Amino acid sequence: MNSYTSRIHFELRTYKIVVTFLLFILASFSFGQDYKTIKAQKGDGIYSILKQNGLSANEYLDQFIELNKTRLGKNNSLIIGRTYKLPVIAEKKPKIQDSAPVTEVSKEKIVYEIFGDKYKEVTIQNRDLNKSVFYLMSGHGGPDPGAIGNLNGHLLCEDEYAYDVTLRLARNLTERGATVYMIIRDPNDGIRDDQFLTPDRDEVCFPDKTIPLNQLARLRQGTDAVNKLYRQNRGKFQRLVVIHVDSRSQKENIDVFFYHDKRSDAGKKLANTLKVTIGERYARHQPTRGYNGSVSERNLYVIKNSFPPAVFIELGNINHTRDQKRFILSDNRQAVANWLRDGLIQDFNKSIK
Ligand SMILES: [Zn+2]
C-alpha cells in the first residue's frame, strides 16, 4: 500500500467514525419515539396504508410488520378499527461530499486533505457563493500527461500545471462558501509552490477511479462523474470548469482563452464573464500589457456531454517563454486562480438574479 492509498483509507476511516457517531446520536434521539398511528378502515392493507402515508413498501414493509406484529391478522392483514403504528421516515444519511472534508475544526474552518499539508486548512471567508456547486476538472492526468513543454532542461507537463491552478481555484471557491468537487484528483500532491512540478501518474477520477489511457474512455469517465454528481445536486446553481494548458509552436504567445459548447447560452455567458474579468485584472495590474483572450465555440467532448453549463479554459502555450511564466511561478498560478474565482463569482451573481 503506498502512502496515497493509506491516506485515502485514513480519510474514509475518519469519515466512518464521524458518520457512525452522528447516526448513533440520531438513533439515541429516536428511542422512546412517539409513532404516528392510523386506524384501519375497510379495504386497508399494509401496502395501501404505507403508500397513503408517503412510505415506500420496499423500505418500510418489514418495519411496519415488526412494529405491529401483535396487532396484525392472518397473513399480515389489517383488522378494521384497530390502531397501527407507522414507521418513522429515516433521516437521510449525510452525503459524503467533496473535497473530502476530514475534520471540521469549527464552523468556519475545515480541513481538506486534497489541498496538501500547507494549504489543507481552509477558513470560510464569506458566503458569496452560498449554495453553488462547482465541478473543477483539470486536463489529462493518470497515464496521460497532456501537452509537454520544456524549460531549462525541465519537462513541463500540462496535467501538473493545470492541476495546480485548478486546486488553487477549488480552494478559493471553497473559501467563499461554494461546494467544490475536484474531478481529477491527486491524493498526495496538494497545492505546490515549486516552479517545476514533478510529473507523476497517480491522479484518479472522482471519487477514486483509475484513469484509463484511452482518450475517449478518459473523457467519458470524467463527464460521467460530473453528471452523476449533477443529479445529486439538482436544483442548485451548478457549473463545470475545465482547465487545460495548450501546446503550440514556440513562437506563438497566447493569452488565457475560453471555449463553450455552441448550444449552451449559460456556458457562453460564463466564458464571456471570465474573459471580461481577466481583461479587467490585467488592465489593473499590468496596464501596458494588453489582453487578447478570446471566447469561441468548440465541439469538445466534456463540455458538450456534461449536464451543467461548462467552460473550457486554456491557460496559455506550454512552449512559449512568456506563457510559461504564467504557470511556472506559483504566484502567477495563484493570481490566475484568483481572477478566475472573481469571474465565477460575477457569473454566479448575474445568473441567480
Ligand atoms: Zn489538454
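See above for the structure.
Here's what I pulled together on the structure shown here. Predicted, not measured: the structure shown is a model, and the values here were computed from it.

**Overview of the coordination of the zinc ion**
Part 1 of the argument: For the zinc ion, the full set of protein donor atoms is H140 (NE2), E158 (OE) and H244 (ND1), at a range of 2.0 to 2.1 Å.
Part 2 of the argument: We note that the donor set of the zinc ion lies within a single chain, spaced as H-x17-E-x85-H. Pair noted here: H140 is in the loop between β6 (132-138) and β7 (148-151) and E158 is in helix α4 (residues 158-175), with a separation of 18 residues, a long-range link.

**Observations regarding the sheet that holds strand β11 (residues 204-205)**
Two modes of strand pairing occur in sheets, parallel and antiparallel, and in both the strands are linked by backbone hydrogen bonds.
Part 1 of the argument: Across the sheet, three strands lie side by side as β10-β11-β12; this open sheet has antiparallel pairing. The sheet terminates laterally at β10 (184-185) and β12 (209-210), the two strands that pair on one side only.
Part 2 of the argument: As paired strands, β11 and β12 are joined by two bridges and run antiparallel to one another. Residue V204 lies in a different strand from β12, and its bridge partner there is T210.

**Side note on the pattern of salt bridges**
Part 1 of the argument: According to the stated counting rule, one finds 22 salt bridges in the structure shown.
Part 2 of the argument: Here R192 ties to E160 by a salt bridge, and the two come within 2.7 Å at their closest N and O atoms. Residue R192 is found in the loop between β10 and β11, and its partner E160 is found in helix α4; the two are separated by 32 residues along the sequence. The exposure classification of R192 matches that of E160, with both residues buried.
Part 3 of the argument: One salt bridge connects R341 with D342, and the closest N-O pair in it is separated by 3.0 Å.
Part 4 of the argument: A relative accessible area of 11% places R341 in the buried class.

**Thoughts on the sheet that holds strand β14 (residues 257-260)**
Part 1 of the argument: Sheet architecture is open: six strands sit in the order β9-β6-β13-β16-β14-β15, paired in mixed fashion. Edge positions in the open sheet fall to β9 (179-182) and β15 (295-297), since each of these has one partner strand only. With direction set aside, neighbouring strand axes in the sheet form an average angle of 25°.
Part 2 of the argument: Sitting on the sheet, helix α5 (residues 215-232) is in contact with β6, β9 and β13 (237-246), with an inclination near 175° to β6.
Part 3 of the argument: Packed onto the sheet, helix α9 (residues 330-352) meets β6, β13, β14 and β16 (310-317) and runs at close to 150° relative to β13.

**Some words on the packing of aromatic side chains**
Each pair of aromatic rings is reported with the distance of its centres and the angle of its planes.
Part 1 of the argument: If you walk through the whole model with that rule in mind, you get 12 aromatic pairs.
Part 2 of the argument: Where Y161 meets F327, the ring centres are 5.9 Å apart and the plane angle is 55°; that geometry is what we call tilted. Taken together, the residues Y161 in helix α4 and F327 in helix α8 (residues 321-328) connect sequence positions 166 residues apart.
Part 3 of the argument: Its relative accessible area of 1% is what places F327 among the buried residues.
Part 4 of the argument: The interplanar angle of 55° and the centroid separation of 5.9 Å between the aromatic rings of Y259 and F312 together place this pair among those described as tilted. A residue pair is termed long-range when its members are at least 10 positions apart, and Y259 in strand β14 and F312 in strand β16 qualify at 53 residues. Of the two residues, Y259 and F312, neither departs from the other in class, the shared state being buried.
Part 5 of the argument: An aromatic cluster of three or more residues is present, and its members are F134, F237 and F348.
Part 6 of the argument: Across from the ring centre of Y119, 6.0 Å away, lies the NZ or CZ of R168, which sits over that ring.

**So, the nonpolar core**
Part 1 of the argument: In terms of nonpolar packing, the biggest core is built from 51 residues, with F115, L136, L169, L173, F258, I313 and L340 touching the most fellow members.
Part 2 of the argument: Looking at which element gives the most residues to this core, the answer is α4, with eight residues.
Part 3 of the argument: In this structure, F258 is in contact with A271, L274, K275, I278, Y291, S294, V295, S296, V311, F312, I313 and L340, ignoring residues within four places of it in sequence.
Part 4 of the argument: Core analysis: the second largest hydrophobic core is formed by 22 residues, I183, C205, A225 and L300 among them.

Each value, and the rule that gives it
- Chains are numbered independently. Their residues run from 1 in the order of the written sequence.
- Since the coordinates come from a predicted model, pLDDT governs what is reported: local features require at least 70, and pairs of side-chain atoms require 80 or more to be given and counted, while whole-chain, interface and lining totals use all residues.
- Neither water nor hydrogens contribute to the side-chain values; these are computed over all heavy atoms in the structure.
- For Na, K and Ca the donor cut-off is 3.2 Å, and for all other metals it is 2.8 Å, counting N, O and S atoms only; because water is absent from this set, sites may look incomplete.
- Secondary structure elements are taken from DSSP: a helix is a run of H or I of four residues or more, a strand is a run of E of two residues or more, and numbering for both begins at the N terminus.
- Following DSSP output, two strands are said to pair if at least two bridges run between them.
- Should a side-chain nitrogen of Lys or Arg be within 4 Å of a carboxyl oxygen of Asp or Glu, the pair is scored as a salt bridge.
- To sort residues, take the accessible area from a 1.4 Å probe on protein chains only and compare it with the maximum for the residue type: under 20% means buried, over 50% means exposed, and anything in between is partly exposed.
- Fitted lines through C-alpha atoms serve as axes, helices being fitted only where they are in contact, and the angles separating the N-to-C directions of these axes extend from 0 to 180 degrees.
- Any two residues having at least one pair of non-hydrogen atoms within 4.5 Å are treated as being in contact.
- By convention, a stacked pair of Phe, Tyr or Trp rings (six-membered ring in the case of Trp) has centres within 6.5 Å and planes under 30 degrees apart, an edge-to-face pair has planes over 60 apart, and any other such pair is tilted.
- Geometrically, a lysine NZ or arginine CZ counts as sitting over a ring once it is within 6 Å of the ring centre and also within 35 degrees of the ring normal.
- Here the nonpolar core consists of buried residues drawn from Ala, Val, Leu, Ile, Met, Phe, Trp, Tyr and Cys, with membership extended through side-chain atoms lying within 4.5 Å.

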